[in-house]
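Listed here are the chains, written in short residue letters.
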Amino acid sequence: MIEKSGAPDKINQLLSKAEAIRRSIFKIICEGGGGHIPASLSIVEILVALYYECLKITPETIGSPDRDRFILSKGHACVSLYAVLADLGFFDKSELGRFGRRGSILGGHPDMLKIPGVEASTGALGHGLPFGAGIALAGKMDNRDYKVIVLMGDGECQEGSVWETAMFASAHKLDNLCVIIDYNRFQAMDALDNIIPVSPLADKWSAFGWQVKEADGHNITELTEIFSSLPIHPLKPSLIIANTIKGKGVSFMENVPIWHYRMPNEEEMRTACEELQIEELKKQE
Ligand SMILES: Cc1ncc(C[n+]2csc(CCOP(=O)(O)OP(=O)(O)O)c2C)c(N)n1
Ligand SMILES: [Mg+2]
């Protein structure tokens, strides 16, 4: 549990929101019967800081050409985004209870043609950034002042398309583009360092012409400060390395890779519910 006492009211509200989103993620996936729990828990504070404090986007402005755009490039963590979008009224909360069911708009990866508020269909890693860079370039060409934020996984940085776009974005001075890397040091079923290490991330992105900042990816105060003062540098795209814990909030899932796509048994569910303060889960039909 994150310490709240002493923080200003607004930050306390955001911390409570993050707790509620964590509960929602766990319920949606456990009641739905499958999903990526740790990957979704890793990005909660990032989404809360963006959507409740920093992004210029509401259900009423979905179609506005001037809205900020957020792209969840690590689409397997979509339940975190679903919980936030439903809470903010982009679609009806009752849809969360139909996650993964036939006919639901909410699948295991987000679909921009079905879900209000989803800007890009993602799931095949490495595509959110090229998509976002195109939207950022269009914004420059049309003289619009929206921001494009792309949230990627650290393992996702192994994709070649990421580095092609890194060069493209700095060449076009896309300072309206910001990438956040969820630096949890795990990809799917193992540590990055045991598969293909991506470090040193800061040096690599700097060498590609990006302005880089590091943050504690679970510290809402730090995240809101950085997101509110974008771009970090005029004329350069921004890269934020958010140090996170995969599975944050459920002790036995934190930094334990077997949980990438695994469902808890009854006892594990009870422990997780206690830790997240979930009163009850609906039994699966
Ligand atoms: C192009 C592509 N290759 C493989 C996968 C399978 N896959 C799904 S999640 C994942 C792990 C990605 O690691 P990371 O970006 O660090 O995300 P995290 O596991 O930390 O959420 C992989 C390899 C995929 N979705 N897309
Ligand atoms: Mg990762």
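Refer to the structure presented above.
As a starting point, this report considers the structure included with it. (Residues numbered from 1 in each chain as written. Chains lettered and ligands numbered in written order. Predicted model: local features only at pLDDT ≥ 70, side-chain atom pairs only at ≥ 80, totals over all residues.)

Let us look at the overall build of the chain. In terms of regular secondary structure, the chain is built from 10 helices and seven strands. Relative to the compact-globule value of 19 Å for 285 residues, the chain shows a C-alpha radius of gyration of 18 Å, a close match. In terms of its C-alpha atoms, the chain occupies a principal-axis envelope of roughly 55 × 45 × 45 Å. Taking all 285 residues of the chain together, 46% fall into the buried category. Long-range contacts, defined here as pairs at least 24 residues apart, represent 75% of the contacts in the chain between residues at least 6 apart. (Helix = DSSP H or I, 4+ residues; strand = E, 2+ residues; numbered from the N terminus. Rg over C-alpha atoms; globule rule 2.2 N^0.38 Å. Buried ≥ 20, exposed ≤ 12 C-beta atoms within 10 Å, placed from the backbone. Contact = placed C-beta atoms within 7 Å.)

A separate point is the sheet that holds strand β1 (residues 69-72). Backbone-to-backbone hydrogen bonds join strands into a sheet, with any given pair of strands oriented parallel or antiparallel. If you trace the five strands from one edge of the open sheet to the other, you get β1-β2-β3-β7-β6, paired in parallel fashion. A single partner strand is all that each edge strand has here, and the edge strands are β1 and β6 (211-216). Going from strand to strand, the sheet's axes swing by 20° on average, the running direction of each strand aside. Sheet contacts for helix α5 (residues 128-141): β1, β2 (148-153) and β3 (177-183); angle to β2, the most-contacted strand, approximately 170°. (Pairing = 2+ DSSP bridges. Axes fitted to C-alpha atoms, helices over the stretch in contact; angles between N-to-C directions.)

Turning to the site of ligand 1, a few remarks are in order. In the region of ligand 1, 17 residues are neighbours, and A39, G153, G155, E156 and Q187 sit closest. Considered class by class, the residues forming the shell around ligand 1 number six nonpolar, seven polar and four charged. (Near = placed C-beta within 6 Å. Nonpolar A, V, L, I, M, F, W, Y, C, P; charged D, E, K, R; others polar.)

So, about α5. The end-to-end C-alpha distance of α5 is 20 Å, a good match for the 20 Å that 14 residues give at a rise of 1.5 Å each. What α5 keeps buried is the set G128, L129, F131, G132, A133, A136 and G139. Buried residues belonging to α5 abut β1, β2, α6 (160-171) and β3. (Expected span 1.5 Å × (residues − 1).)

Most of β2 sits out of view: six of its six residues are buried. Both faces of β2 are covered, namely the face carrying V148, V150 and M152 and the face carrying I149, L151 and G153. Where β1 meets β2, four bridges bridge the pair, whose relative direction is parallel. If you follow F70 over to β2, its bridge partner there is I149. Inspection of the sheet shows β2 paired to β3 by six bridges, in the parallel sense. Paired with L151 across the strands is I180, a residue of β3.

On to the packing of helix α1 (residues 9-32) against helix α4 (residues 78-87), then. Packing of α1 against α4 leaves a shortest axis separation of 9 Å and a crossing angle of 120°. Taken as a pair, α1 and α4 cross one another with a handedness that is right-handed. The segment α1 lies against α4, with I21, S24, I25, I28 and I29 engaging V79, S80, Y82, A83 and V84. (Left-handed = near helix turned anticlockwise from the far one by under 90°.)

With that out of the way, let us pick up the environment of S238. Examined against the element boundaries, S238 turns out to sit in strand β7 (residues 238-243). Of the residues examined, S238 has 26 C-beta atoms within 10 Å and is grouped as buried. Between the C-alpha atom of S238 and that of S170, which follows or precedes it by 68 residues, the distance is 9.5 Å. Excluding anything up to four places from it in sequence, S238 contacts C178, W210, Q211, L230, P231 and I232.

Moving on, we come to the pairing of β6. Two strands pair when backbone bridges link them, and β6 and β7 are joined in this way by six bridges, in the parallel orientation. Note that in β7 the partner of D216 across the bridge is N243. Since β6 and β7 lie parallel, the crossover through helix α9 (residues 220-228) that links them has a hand, and here it is right-handed. (Right-handed = clockwise from strand over helix to strand, strands pointing away.)

A word on the environment of S94. In this fold, S94 is placed in the loop between α4 and α5. With 8 C-beta atoms counted inside 10 Å, the residue S94 sits in the exposed group. For the pair formed by S94 and A120, sequence separation is 26 residues and the distance between their alpha carbons is 23 Å.

A word on α1. Across its 24 residues, α1 extends 34 Å between first and last C-alpha, which sits within 8% of the 34 Å expected from 1.5 Å per residue. In the stretch just after α1, G33 is the one whose phi turns positive, near 95°.

This brings us to the environment of V250. Within the secondary structure, V250 is located in the loop between β7 and α10 (266-276). When the 22 C-beta atoms within 10 Å are taken as the criterion, V250 is described as buried. Note: C-alpha distance between V250 and Y52 (198 residues apart in sequence) is 23 Å.

A cis amide bond links S199 to the next residue, P200, at an omega of 0°. By secondary structure assignment, the location of P200 is in the loop between α7 (192-195) and α8 (201-207). The step from L230 to P231 runs through a cis peptide bond, and the omega angle for that step is -5°. Located in the positive-phi region is K173, a residue other than glycine, with phi close to 50°. Assignment of secondary structure puts K173 in the loop between α6 and β3.

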